[in-house]
Amino acid sequence: MNNLEIFNSFCGDSSKMVTEKYSTSFYKASSLFKPEIRQHIYNIYGFVRLADEIVDTFHDYDKVRLMADFENNYKSAQEHGISLNPILHSFCLTQREKKIPQDLVDAFLTSMKMDLGEIKDLNDEKYNEYIYGSAEVVGLMCLKVFVDGNVEEYQILKPYAQSLGAAFQKINFLRDISADFIDLDRTYFPGVDFKNFSAQDKIEIENDIAKDFAHAKTGIKMLPMSSRLAVFMAYKYYFNLFKKIRKTKPELLLTKRIRVSNARKMYLFGEMILNKNLNLL
């Protein structure tokens, strides 16, 4: 292994560490990917997570400047083929190898920058734009890895991947109402007043999510086996979270963050392993 290969490996390990530290659930689900896929998913997750941390966590710092630096450093890495930021370097390796379209990355960065401004009173167009850039394109980046260059397969599976990303993001919005609305003064859902969040508001949002889930599940069954189990694991985790949220009263969502217990996560993972061994999926 030459020095450049060592550097590439170090950068990949950094993205893997980000995944493990920030999302134990996603990291565990990632073990169900075939090895040739797993590192690329870590690389995508690391890139997305760093941008997300800038807009959601670093409140004592100039987030606009941090995001501008992040975007400029990404563009430099892309142009020159190397970055001393290991997360950006590993992501760019994946983007080049798996031919992730630039418009997907640009849409993601646009949504992240939307979070640096005033997120409230979104109309349907802006809401859909944000959902697309913050979540659907991440699913499409991963899909590029899953199909490994098969353009026809990508086009067939594309709408299902978008539905899954949208479902995940909308659930995140419901789960994080307390942090988003009370702490960050963000209101993502159009026409919803969280000062008067009603049961009907919640039901309408949940019905929309249920449609996304039903559509996405069809696509999951069409994925290559190298990625199907891991994606279905993520689906099952979020669907369980969705079921808990559905049972939670609107006013409680404003005061607590709903979670899936560690015991339930372990059960779901064990179920996936059994499915894998019995070839049920």
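Rules and cut-offs
- Residues numbered from 1 in each chain as written.
- Predicted model: local features only at pLDDT ≥ 70, side-chain atom pairs only at ≥ 80, totals over all residues.
- Heavy atoms only, no water.
- Salt bridge = Lys/Arg side-chain N within 4 Å of Asp/Glu carboxyl O.
- Helix = DSSP H or I, 4+ residues; strand = E, 2+ residues; numbered from the N terminus.
- Buried < 20%, exposed > 50% of the residue type's maximum accessible area, 1.4 Å probe, protein only.
- Contact = heavy atoms within 4.5 Å.
- Core = buried A, V, L, I, M, F, W, Y, C linked by side-chain atoms within 4.5 Å.
- Phe/Tyr/Trp six-rings, centres within 6.5 Å; stacked < 30°, edge-to-face > 60°.
- Axes fitted to C-alpha atoms, helices over the stretch in contact; angles between N-to-C directions.
- Left-handed = near helix turned anticlockwise from the far one by under 90°.
- Nonpolar A, V, L, I, M, F, W, Y, C, P; charged D, E, K, R; others polar.

## With respect to the pattern of salt bridges
Pairing of side chains with opposite charge becomes possible as their charged atoms draw close. All chains considered together, the criterion is met by 14 salt bridges. One salt bridge in this structure joins Lys98 and Asp148, with 2.7 Å as the shortest N-O distance. In this pair, Lys98 sits in the loop between α5 (86–97) and α6 (102–114) while Asp148 sits in the loop between α7 (124–147) and α8 (151–175), placing the two residues 50 residues apart along the sequence. Close ionic contact of Asp115 with Arg186 constitutes a salt bridge, the shortest N to O distance being 3.7 Å. Pair noted here: Asp115 is in the loop between α6 and α7 and Arg186 is in the loop between α9 (177–183) and α10 (199–220), with a separation of 71 residues, a long-range link. By relative accessible area, which is 5% here, Asp115 ends up buried. Exposure remark for Arg186: the relative accessible area of 4% places this residue in the buried category. If you follow the salt bridges from partner to partner, you end up with Arg49, Asp52 and Glu53 in one network.

## Points about the side chain of Ser14
Along the chain, Ser14 turns up in helix α1 (residues 3–22). Residue classification places Ser14 among the buried residues on the basis of a relative accessible area of 16%. Excluding residues that lie within four positions of it along the chain, Ser14 makes contacts with Pro86 and Ile87.

## Side note on the nonpolar core
If you look at the biggest cluster of nonpolar residues, it comprises 80 residues, and the most contacted ones within it are Phe47 and Phe108. Non-local contacts of Phe108, meaning those with residues more than four positions away in its chain, are made with Phe47, Val48, Ala51, Gly133, Ser134, Val137, Val138 and Met141.

## Remarks on the packing of aromatic side chains
Tallied over the full model, the rule gives 24 aromatic pairs. Note on Phe213 and Tyr235: the rings are 5.2 Å apart at their centroids and 85° apart in plane angle, and the pair reads as edge-to-face. Placement of the pair is Phe213 in helix α10 and Tyr235 in helix α11 (residues 225–246), with a sequence separation of 22 residues. Overall, the relative accessible area of 1% leaves Phe213 in the buried class. The buried category is assigned to Tyr235, whose relative accessible area is 7%.

## Describing unusual backbone geometry
For Lys99, which is not glycine, the phi dihedral falls at a positive 55°. Residue position: Lys99 is located in the loop between α5 and α6.

## Re the packing of α8 against α11
In contact at an axis separation of 10 Å, α8 and α11 are set at 35° when each is read in the N-to-C sense. The hand of the α8/α11 crossing is left-handed. When α8 is examined against α11, the residues Leu164, Phe168, Ile171, Asn172, Leu174 and Arg175 are found in contact with a partner set consisting of Val231, Ala234, Tyr235, Tyr238, Leu241, Phe242 and Ile245. Grouping the amino acids of the contact of α8 with α11 by side-chain chemistry returns 11 nonpolar, one polar and one charged.

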